[in-house]
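Understanding the architecture of this molecule
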Amino acid sequence: PVRFIGNRSSGKQGYAIASACAEQGASVCLISGPVTLEAPLNVRLIKVETAQQMKQACADELNVDCVICAAAVADWQIKQTANSKLKKSNNKLPELILTETPDILSWIGQHPSRPKLVIGFAAETDSIKKNAEDKRARKNVDWILANSVIQSGKTVFNSDINEILFLSNTEVEYWDTDSKQAIAQKLVRRISNYFSDVRGYDVQKKDSI
């Protein structure tokens, strides 16, 4: 109940995307882990604390046209949590047994009621293009936005800027370093163009998670 496994992701890119979607008139549900950011205007916010809670929230909201998975969900969790705080004891380290958390992006990508457009993110430290391509194929994702964890010698976590390698099944495109708001707006324009180009598809659901 006291200590936990996490990472340094701030949620800024996901919140910027939710805001940009809402600004373009989409009906947006933002499912957010613990962050210190204010909810964007005209966005329905669902707060969660664990990967299981996030998966359940996604399941409840899956009847959408487009899912954007930008959250940096931890890959592992403690298999059995303690009911009380673990104390230091004669310099003896506690034995922690880990188990995998739900792979939410893969679950959505493989779902029988899969949304028309599924977009994921990939934060990498090396072999960015190869790892992102592998992730897109393995998880049955339409688009992947990959970035390097370290950019210009600084971590991208909690930064206000980002640079993106955009991958689809037909495209590979580099997006220059820009603010996370500008990256979000560029992504939303591409989403809008995608649905405009899909013949015979009527956007009648909500537009984003």
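See the structure shown above.
So, here is what we can say about the structure in this document. (Residues numbered from 1 in each chain as written. Predicted model: local features only at pLDDT ≥ 70, side-chain atom pairs only at ≥ 80, totals over all residues. Heavy atoms only, no water.)

Re helix 2 (residues 51-60)
Inclusion rule: Remark: exposure states derive from per-residue accessible area (1.4 Å probe, protein chains only) relative to the maximum for the residue type, with buried under 20%, exposed over 50%, and partly exposed in between. Secondary structure is summarised from DSSP: a helix means a run of H or I of at least four residues, a strand means a run of E of at least two, and numbering begins at the N terminus for each. It is the directions from the helix axis to the C-beta atoms whose arc is reported. Note on definitions: a residue-residue contact is assigned when non-hydrogen atoms from the two residues lie within 4.5 Å.
Ala 51, Met 54, Ala 57 and Cys 58 are the residues of helix 2 that are buried. Down the axis, helix 2 shows its buried residues gathered within 120 degrees of arc, on one side only. Where the residues of helix 2 are buried, they touch strand 1 (28-32), strand 2 (43-47) and helix 3 (104-110).

Regarding a nonpolar patch on the surface
As a reminder, the rule being used: Nonpolar side chains (Val, Leu, Ile, Met, Phe, Trp, Tyr) are joined into patches within 5 Å and like charges within 9 Å, using only residues with over 30% relative accessible area and no salt bridge. For every accessible area listed, the method is Shrake-Rupley and the probe measures 1.4 Å; residues are considered covered only by the protein chains on display. Only one rule defines a salt bridge in this text: a Lys or Arg side-chain nitrogen within 4 Å of an Asp or Glu carboxyl oxygen.
A cluster of nonpolar side chains, namely Ile 5, Trp 76, Leu 86, Leu 96 and Leu 98, defines an oily patch on the protein surface of about 500 Å² accessible area. Mapped onto the secondary structure, Leu 98 falls in strand 5 (residues 98-100). On the accessibility criterion, Leu 98 (43% relative accessible area) is partly exposed.

Quick notes on the nonpolar core
Rules: Residues belong to a common nonpolar core when they are buried Ala, Val, Leu, Ile, Met, Phe, Trp, Tyr or Cys residues joined through side-chain atoms within 4.5 Å.
With 27 residues, the main nonpolar core has Ile 68, Ile 119, Leu 145, Leu 187 and Ile 191 as its most contacted residues. Secondary structure elements with two or more residues in this core: helix 1 (12-23), strand 1, strand 3 (66-69), strand 6 (117-124), strand 7 (143-148), strand 10 (161-167) and helix 5 (180-197). Tallying contributions element by element places helix 1 first for this core, with 7 residues. The residues contacting Ile 191, other than those within four sequence positions of it, are Cys 66, Ile 68, Leu 117, Ile 119 and Trp 143. Of all hydrophobic cores here, the second largest spans 21 residues; its members include Leu 62, Val 67, Ile 108 and Ile 144.

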